Amino acid sequence: MGFHSTRACVEALERTGQLVRIEQEIDPHLEAAEIQRRVYDAGGPAILFANVRGSRFPMVSNLFGSKARARFIFADALEAVSRLVELKVDPTNVLRRPFRYLGIPRTVLSMLPRSVRDGAVLAGTTRISALPQLKSWPDDGGPFITLPQVYTENPDSPGAMRSNLGMYRVQLGGNAYVRDQEIGLHYQIHRGIGVHHQAAAKRGEQLPVSIFVGGPPAMTLAAVMPLPEGLSELAFAGALARRRVRLAKVDGHVVHTDADFCITGTIDPSATKPEGPFGDHLGYYSLTHDFPVLTVNKVYHRADAIWPFTVVGRPPQEDTVFGDLIHELTGPVIPTVLPGVRAVNAVDASGVHPLLLAIGSERYVPYRERNEPQELLTQANAILGQGQMSLAKVLMLCAHEDDPELDIHDIQAFFAHIFSRVDLRRDLHFQTRTTMDTLDYSGHGLNQGSKLVIAAVGKPIRTLPKGVPSELRLPAGFDHARLCMPGVLAIRGPAYATGDDSDQGAIRKLCLALGPDHPINAFPLVIVVDDAEFAARTQNNFLWVAFTRVNPAVDIDGIGAFTQHKHWGCTGSLVLDARRKPHHAPPLLEDPKVSTRVDTLAQPGGPLHGMF
């Protein structure tokens, strides 16, 4: 049986030694977030902050801080959902193994939301300013809810089974928000709430919104699941909790009665206010932009309410575990949604959306030796047309037939597979002036950028160097060549000064100076960075630097570059300009004073001693 409240989950984790309670007062302004980051990095337990400065409500973090703890929380429910997925992939499984699926009717019944008149969350009311005011990074625009479950219905076709439940960040104060009356609601491109917002705008109506915090952990996971449009997150949450989601209608708003907190309000579809900055999962701040503002109606809470939170920042963070669960649950469905595609990996260390890896199939003209991508290009277009995968900046795609044992989560092996086979004259496919992640500032505007598909098939055409050749010489201004992985070289370049992307740019000059006979061309991928030592130190550093800082159509060049019939390629190395640019958002850095305070709490005798 799944947990039906945050408190039930917290108590079970405490009984089993998976949660530590801190009684000393902790400040939600930067201090709680820094503790969470350190405990997560150390592989530590969930943390209950029993005494929160400025609020009477306790806070809990790191509930999902490890795959083992997430499995404990969801227990056998993950298996039940997996069996539903198996039947989605192949309904005839039930005929071959009927006893395996005996529990399916109960799971299906739990997917139907249940209408109720009352519930625990209606026990009390409070104000926005009385909630824990969590601020995670020094330059955040104010306090935020970091694990919200934002509920909306389409005014044109209302109903719980056609609703949207998404995790869209919520700013509780700061900027121009009227205290206790207004909060900011940030949602990114390609999110389901946008359809409801547009429908309300066309009707000239206010859009009712309910924000749930806490409750069954299944609701939190459901809010981040990339479910196909039309498939209810409430149905998924019910299946995962093995209990129907309880909903009440109060003052015209939908209330999840098992939640710890519920904020109800309305959005005027034509009204916006500045929201942000916010330290986000790419490892940079998303900056201040106009987003919808929610006029608050009521703030409900349980009598025993606990405020769950997480902290996002440069991966890996706690939300990495969500990504792992999503891969595990949705992976088997991918071939049914994207024919020919066997596996997809949104690479967490790159910030998720900047880099997507995929294994497809080459089944066209089987009587011919596979020597250039064909079906893979069809599959690439399908992937980039599918939900949040459409936000990928770089998609690398290979054929299952070339190495059936290739593990898509083994990043170094995947890169080696691609770059030992890719023909850089032929296998690079750009999309320009298209959409990209709202949180990514490497493009030419908000939600604006470009994409690159690298599709490689066939036998290896090169051996990847595993070291930096001693004879490697670089032009003035470029130095410190370091190996990131076989075939991938980082070099330090001059600091980026302007937005000049003409032939006189530093990277263009580099490519012209090196030429086709230079030994650097043994490396199919070269990244130019501000700090080559840092980029090459770990695989995660390389992935973060290389793919968060690149707008493919602008920041990619090559040695021996050419354009033929509007197709761009190069005869030598592919060169990525991964230097920091003036238009990029600033990276996330801790407040040194807060870091010192947390160091003190971790000293012998302190409440955090031995936890990191």
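For the structure itself, consult the block above.
Owing to the predicted nature of the structure, the values given are computational and were not obtained by experimental measurement.

**Q** What is the right way to read the overall build of the chain from this model?
**A** Per the secondary structure count, the chain includes 18 helices and 30 strands. Computed over its C-alpha atoms, the radius of gyration of the chain comes to 25 Å, within 12% of the 25 Å expected for a compact globule of 612 residues. The principal-axis extent of the C-alpha atoms belonging to the chain is close to 75 × 65 × 55 Å. For the chain, long-range pairs separated by at least 24 residues make up 72% of all intrachain contacts whose partners lie at least 6 apart in sequence.

**Q** Where do I start with the packing of aromatic side chains in this structure?
**A** Aromatic rings considered in pairs are described by the distance between their centres and by the relative angle of their planes. Applying the stated criterion to the full structure yields 16 aromatic pairs. An angle of 35° between the planes, with centres 5.8 Å apart, marks the rings of phenylalanine 49 and phenylalanine 309 as tilted. Separated by 260 residues along the polypeptide, phenylalanine 49 in strand S2 (residues 46-49) and phenylalanine 309 in strand S18 (residues 307-309) bring together distant segments of the chain. Exposure class is identical for phenylalanine 49 and phenylalanine 309. Each is buried. Relative to phenylalanine 212, the ring of tyrosine 151 lies with its centre 5.9 Å away and its plane at 40°, an arrangement referred to as tilted. Residue tyrosine 151 is found in strand S7 (residues 148-152), and its partner phenylalanine 212 is found in strand S11 (residues 207-213); the two are separated by 61 residues along the sequence. Residues tyrosine 151 and phenylalanine 212 agree in their burial class; the two are buried. Linked through ring pairs, Phe415, Phe419, Phe542 and Phe547 together constitute an aromatic cluster. In this structure, arginine 37 packs its charged tip against the face of tryptophan 137, placed 3.8 Å from the ring centre. Sitting over the face of the ring of tryptophan 544, arginine 549 holds its NZ or CZ atom 5.1 Å from the ring centroid.

**Q** Can you help me understand the side chain of histidine 196 in this one?
**A** Within the secondary structure, histidine 196 is located in helix H7 (residues 192-203). Residues within four places of histidine 196 in sequence aside, it is in contact with Thr152, Glu153, Asn154, Pro155, Arg162, Ser163, Asn164 and Leu207.

**Q** Even after reading the chapter, I still don't get unusual backbone geometry, so can you show me in this structure?
**A** When glycine is set aside, most residues are seen to have a negative phi, and most peptide bonds are trans. The residue after glycine 276, namely proline 277, is reached through a cis peptide bond having omega -5°. By the element assignment, proline 277 lies in the loop between strand S14 (261-275) and strand S15 (278-279). Across the junction of proline 315 and proline 316, the peptide omega takes the value 0°, indicating a cis bond. Mapped onto the fold, proline 316 is located in the loop between S18 and helix H10 (319-330).

**Q** I tried to follow the sheet that holds strand S22 (residues 428-435) on my own but got confused; where do I start?
**A** Sheets are built from strands that pair by backbone hydrogen bonding, the pairs being arranged parallel or antiparallel. Taken in spatial order, the 5 strands line up as S19-S20-S21-S23-S22 in an open sheet, and their pairing is mixed. Two strands in the sheet have a free side with no partner beyond their single neighbour: strand S19 (343-346) and S22. Looking at each pair of strands side by side, their axes are set apart by 15° on average, direction ignored. Across 6 bridges, S22 lies against strand S23 (residues 448-456) in antiparallel orientation. Paired with leucine 428 across the strands is isoleucine 454, a residue of S23.

**Q** Please clarify how the pairing of S14 should be interpreted in this entry.
**A** Side-chain positions along a regular strand alternate between the two faces of the sheet. Bridging between S11 and S14 involves 7 bridges; their strand directions are antiparallel. When the sheet's bridge partners are listed, isoleucine 211 is paired in S14 with isoleucine 263.

**Q** Would you mind going over the side chain of glutamate 275 with me for this structure?
**A** The topology assignment puts glutamate 275 in strand S14. For glutamate 275, a relative accessible area of 0% translates into the label buried. Within the structure, the side chain of glutamate 275 is placed 2.6 Å from the side chain of arginine 169, a separation counted as a polar contact. Other than its neighbours up to four places away in sequence, glutamate 275 contacts Phe144, Arg169, Gln171, Asn175, Tyr177, His186, Leu287, Thr288, His289 and Phe291.

**Q** Teacher, can you tell me more about the sheet that holds strand S26 (residues 525-529) here?
**A** Spatial strand order, S24-S25-S26-S30-S27: 5 strands in an open sheet with mixed pairing. At either end of the open sheet lies a strand with only one pairing partner, and these are strand S24 (479-485) and strand S27 (556-558). Looking at each pair of strands side by side, their axes are set apart by 25° on average, direction ignored. Relative to S26, strand S25 (residues 488-492) runs parallel, the two being bridged by 5 bridges. When the bridges of S26 are listed, isoleucine 491 appears paired with valine 528. Packed on one face of the sheet, helix H14 (residues 506-514) meets S25, S26, S27 and strand S30 (574-577) and runs near 20° to S27.

**Q** Help me out: how do you make sense of the packing of helix H13 (residues 411-421) against helix H16 (residues 539-548) in this one?
**A** For any two helices packed against each other, the geometry is given by the interaxial angle and the distance between the axes. Axis separation between H13 and H16 bottoms out at 11 Å; the angle between their running directions is 55°. Considered as vectors, H13 and H16 are oriented oblique to each other. Of the residues in H16, those in contact with Ile411, Gln412 and Phe415 of H13 are Gln539, Phe542, Leu543 and Phe547. When grouped by side-chain class, the residues that make up the contact of H13 with H16 number 5 nonpolar, 2 polar and no charged.

**Q** What's the story with a nonpolar patch on the surface in this structure? I'm lost.
**A** Together, Leu109, Leu112 and Met161 give the surface a local cluster of nonpolar side chains, amounting to about 260 Å² of exposed area. The topology assignment puts leucine 109 in helix H6 (residues 104-110). Taking relative accessible area as the criterion, leucine 109 reaches 48% and is therefore assigned partly exposed.

**Q** Help me understand the state of the cysteines in this model?
**A** The bond known as a disulfide is covalent and runs between the sulfur atoms of two cysteines. All chains considered together, the criterion is met by 0 disulfides. Cysteine cysteine 570 is unpaired, with the sulfur of cysteine 511 as its nearest cysteine sulfur at 8.0 Å. The class of cysteine 570 is buried, set by a relative accessible area of 1%.

**Q** Please clarify how the pairing of strand S13 (residues 253-256) should be interpreted in this entry.
**A** Because side chains alternate across S13, one face comprises the buried residues His253 and Val255, and the other comprises Val254 and His256, equally buried. Across 4 bridges, strand S12 (residues 246-250) lies against S13 in antiparallel orientation. Bridge pairing in S13 links lysine 249 to valine 254.

**Q** What am I meant to see in the environment of proline 332 here?
**A** Along the chain, proline 332 falls in the loop between H10 and helix H11 (334-337). Using a relative accessible area of 41% as the deciding quantity, one classes proline 332 as partly exposed. Note: C-alpha distance between proline 332 and lysine 459 (127 residues apart in sequence) is 28 Å.

**Q** Please explain the environment of histidine 444 as it appears in this structure.
**A** Relative to the helices and strands, histidine 444 is located in the loop between S22 and S23. The spatial distance from the C-alpha of histidine 444 to the C-alpha of histidine 583 is 8.6 Å, given a sequence separation of 139 residues. Apart from residues lying up to four places away in sequence, histidine 444 is in contact with Arg433, Gly449 and Asn551. Side chain to side chain, histidine 444 and arginine 433 meet in a polar contact 3.3 Å long.

Each value, and the rule that gives it
- Residues numbered from 1 in each chain as written.
- Predicted model: local features only at pLDDT ≥ 70, side-chain atom pairs only at ≥ 80, totals over all residues.
- Heavy atoms only, no water.
- Helix = DSSP H or I, 4+ residues; strand = E, 2+ residues; numbered from the N terminus.
- Rg over C-alpha atoms; globule rule 2.2 N^0.38 Å.
- Contact = heavy atoms within 4.5 Å.
- Phe/Tyr/Trp six-rings, centres within 6.5 Å; stacked < 30°, edge-to-face > 60°.
- Buried < 20%, exposed > 50% of the residue type's maximum accessible area, 1.4 Å probe, protein only.
- Lys NZ or Arg CZ within 6 Å of the ring centre and 35° of its normal.
- Pairing = 2+ DSSP bridges.
- Axes fitted to C-alpha atoms, helices over the stretch in contact; angles between N-to-C directions.
- Polar contact = N/O pair within 3.5 Å; in protein donor to acceptor, adjacent residues only side chain to side chain.
- Parallel < 35°, antiparallel > 145°, perpendicular 65-115°, else oblique.
- Nonpolar A, V, L, I, M, F, W, Y, C, P; charged D, E, K, R; others polar.
- Patch = residues over 30% accessible without salt bridge, like charges linked within 9 Å, V, L, I, M, F, W, Y side chains within 5 Å.
- Areas by Shrake-Rupley, 256 points an atom, 1.4 Å probe, with all protein chains shown as cover.
- Salt bridge = Lys/Arg side-chain N within 4 Å of Asp/Glu carboxyl O.
- Disulfide = S-S within 2.5 Å.

Taken by themselves, the reported measurements are silent on function.
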